[in-house]
Amino acid sequence: MPVARPHIEPRRVPTADSVVVKEFYLSVQGESSHAGLLCSFVRLTGCHLRCTYCDSEFAFHGGTRMKIPEVVARVKELGAPRVEVTGGEPLLQPGVYPLMEELLAAGLTVLLETSGAIDVRLVPPAVHKIVDMKTPSSGECERNDYRNLTSMNANDELKFVIGSREDYEWSKQLIAEHRLLEKPYGLLFSTIFGKLTTKELAEWIIADRLPVRFQLQMHKYIWEPNERGV
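Scope of this entry: the structure provided in the associated data block. In this text the structure is predicted, and so the values were computed from the model without any measurement. Residue positions are given per chain, counted from 1 along the sequence in the order it is written. With the structure being a predicted model, the display of local features is reserved for residues of pLDDT at least 70 and the display and counting of side-chain atom pairs for 80 or more, all residues being used for whole-chain, interface and lining totals. Each side-chain value is worked out from all heavy atoms of the structure, with water and hydrogens disregarded.

Details of the overall build of the protein
- The number of helices and strands found in the protein is five helices and nine strands.
- Listing every helix and strand of the protein by position from the N terminus yields β-β-β-α-β-α-β-β-β-α-β-α-β-α.
- Each radius of gyration is computed over the set of C-alpha atoms, and the globule rule expresses the reference value as 2.2 Å times the number of residues to the power 0.38. At 18 Å, the protein has a C-alpha radius of gyration in line with the 17 Å of a compact globule built from 230 residues.
- Each principal axis of the C-alpha atoms in the protein carries an extent, and together these give about 60 × 50 × 30 Å.
- Burial classification: accessible surface area is computed with a 1.4 Å probe over protein chains only, and a residue below 20% of its type maximum counts as buried, one above 50% as exposed, and the rest as partly exposed. Sorting the 230 residues of the protein into buried and exposed places 51% on the buried side.
- Of all intrachain contacts in the protein linking residues separated by at least 6 positions in sequence, the fraction that spans at least 24 positions is 70%.
- To measure how exposed things are, a 1.4 Å probe is used in the Shrake-Rupley method; for residues, cover is taken only from the protein chains shown. Carbon and sulfur atoms provide 53% of the accessible area of the protein, an area that totals close to 11400 Å².
- Counting 27 positive and 30 negative side-chain charges, the protein places the averaged centre of each group 3 Å from the other. Numbering of helices and strands runs from the N terminus, with a helix taken as a DSSP run of H or I at least four residues long and a strand as a DSSP run of E at least two residues long. Only heavy atoms matter for contacts: two residues are in contact if any of them lie within 4.5 Å across the pair. Asp and Glu count as negative and Lys and Arg as positive, but His and the ends of the chain are not part of the count. Where a charge sits is defined by one atom per residue type, namely NZ (Lys), CZ (Arg), CG (Asp) or CD (Glu).

This is how it looks when you write it as structure tokens:
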């Protein structure tokens with residue numbers, strides 16, 4: 001007699017025909033391996049986390065609901081070959097998935113800035129995911145979704161924002177326990193701006209010969225740290 005198999009619902013990509021947008025702007029990419037490159041930004045409204053170092057609380061509320069073709073048209077008007085979808089937490093909006101598909105279909109290089117607190121498996125594989133693993137000083141460390149550590153591909157990067165020696169040691173331990181140096185995606189270390197000096201973090205990485213990418217939030221050194229639209 002054949003063995004009955006449990007019914008498993010197929011994963012479904014959320015769909016919607018619009019998103020709530022807080023702002024559009026054109027700048028240079030400030031972080032990741034794409035740093036320094038011309039980039040359009042689409043900041044979506046809303047976030048379920050309240051990280052201690054958040055620099056975009058203004059995106060928690062407000063914004064304008066726009067149809068996806070309108071958003072794509074605005075991005076194309078900005079004129080950059082790449083676009084980052086950010087927030088807030090963009091994956092909270094069901095419309096972000098078809099938005100990313102349409103941006104890819106328009107021939108753009110698409111980046112996604114997302115927390116480590118939402119499973120990224122439904123994100124189109126061609127999107128460059130920059131996933132922010134929440135360290136202890138964020139206050140949201142318990143919200144990390146560890147499925148992301150096995151869901152990311154060679155397009156992607158896992159980011160650790162470091163504000164203390166505790167954060168650094170926690171990040172090193174996570175990398176070792178999950179053998180992240182063997183994963184196909186990149187590993188990024190940056191400081192919480194104004195809380196830990198870049199020199200301290202760079203020297204820790206050098207002392208430990210840790211093969212991660214040290215990065216700055218470049219835009220905070222070019223412009224005033226709290227300036228918007230950059």
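Description of helix 4 (residues 198-208)
- Among the residues of helix 4, L201, A202, W204 and I205 are the ones counted as buried. Axial view of helix 4: buried residues confined to an arc of 160°, hence all on one face. Of the residues in helix 4, the exposed ones pointing more than 90 degrees away from the buried face are K199, I206 and A207.
- Elements in contact with the buried residues of helix 4: strand 7 (157-162), helix 3 (165-177), strand 8 (186-191) and strand 9 (213-214). Arc definition: it is the arc formed by the directions from the helix axis to the C-beta atoms.

What to know about unusual backbone geometry
- Looking along the chain, the bond that leaves G87 and enters G88 is cis, with omega of 10°.
- Of note, G88 is situated in the loop between strand 4 (82-86) and helix 2 (96-105).
- Backbone geometry at R179 places phi at a positive 50°, although glycine is not the residue there.
- With respect to the helices, strands and loops of the structure, R179 is situated in the loop between helix 3 and strand 8.
- Its relative accessible area of 52% is what places R179 among the exposed residues.
- Not every positive phi belongs to a glycine, and R209 is a case in point at roughly 50°.
- With respect to the helices and strands, the residue R209 is situated in the loop between helix 4 and strand 9.

Focus: the sheet that holds strand 4
- By this definition, two strands are paired if DSSP reports at least two bridges between them. Taken in spatial order, the nine strands line up as 3-1-2-4-5-6-7-8-9 in an open sheet, and their pairing is mixed. Bordering the open sheet on either side are strand 3 (64-67) and strand 9, each of which pairs with just one other strand.
- Relative to strand 3, strand 1 (residues 18-28) is paired through four bridges, and the arrangement is antiparallel. Its bridge partner lying in strand 3, V20 is registered against R65.
- Each of strand 1, strand 2 (38-44), strand 3 and strand 4 is contacted by helix 1 (residues 68-78), which is oriented at about 5° to strand 1, the strand it contacts most. Here an angle of 0 to 180 degrees is reported between the N-to-C directions of two axes, which are lines fitted to C-alpha atoms, with helices fitted over the stretch in contact.

A word on the layout of surface pockets
- A cavity here means a set of 1 Å grid points, computed over protein atoms only, where a 1.4 Å probe fits but cannot escape. A pocket is an open set with protein on both sides within 12 Å along at least 5 of 7 lines, and lining residues have an atom within 4 Å of a point. Grid points are joined across faces, edges and corners, and a volume is the space filled by probe spheres set on the points. Within this model, the largest pocket holds a volume of roughly 870 Å³.
- Looking at the largest pocket, it is lined by 43 residues, and the ones nearest its centre are R43, D55, S56, G87 and Q217.
- Breaking the lining of the largest pocket down by element, the ones donating at least two residues are strand 1, strand 2, strand 4, strand 5 (109-115), strand 7 and helix 5 (218-222).
- Each residue is assigned to one class: nonpolar for Ala, Val, Leu, Ile, Met, Phe, Trp, Tyr, Cys and Pro, charged for Asp, Glu, Lys and Arg, and polar for all the others, Gly among them. Looking at the lining of the largest pocket, its residues break down into 15 nonpolar, 13 polar and 15 charged.

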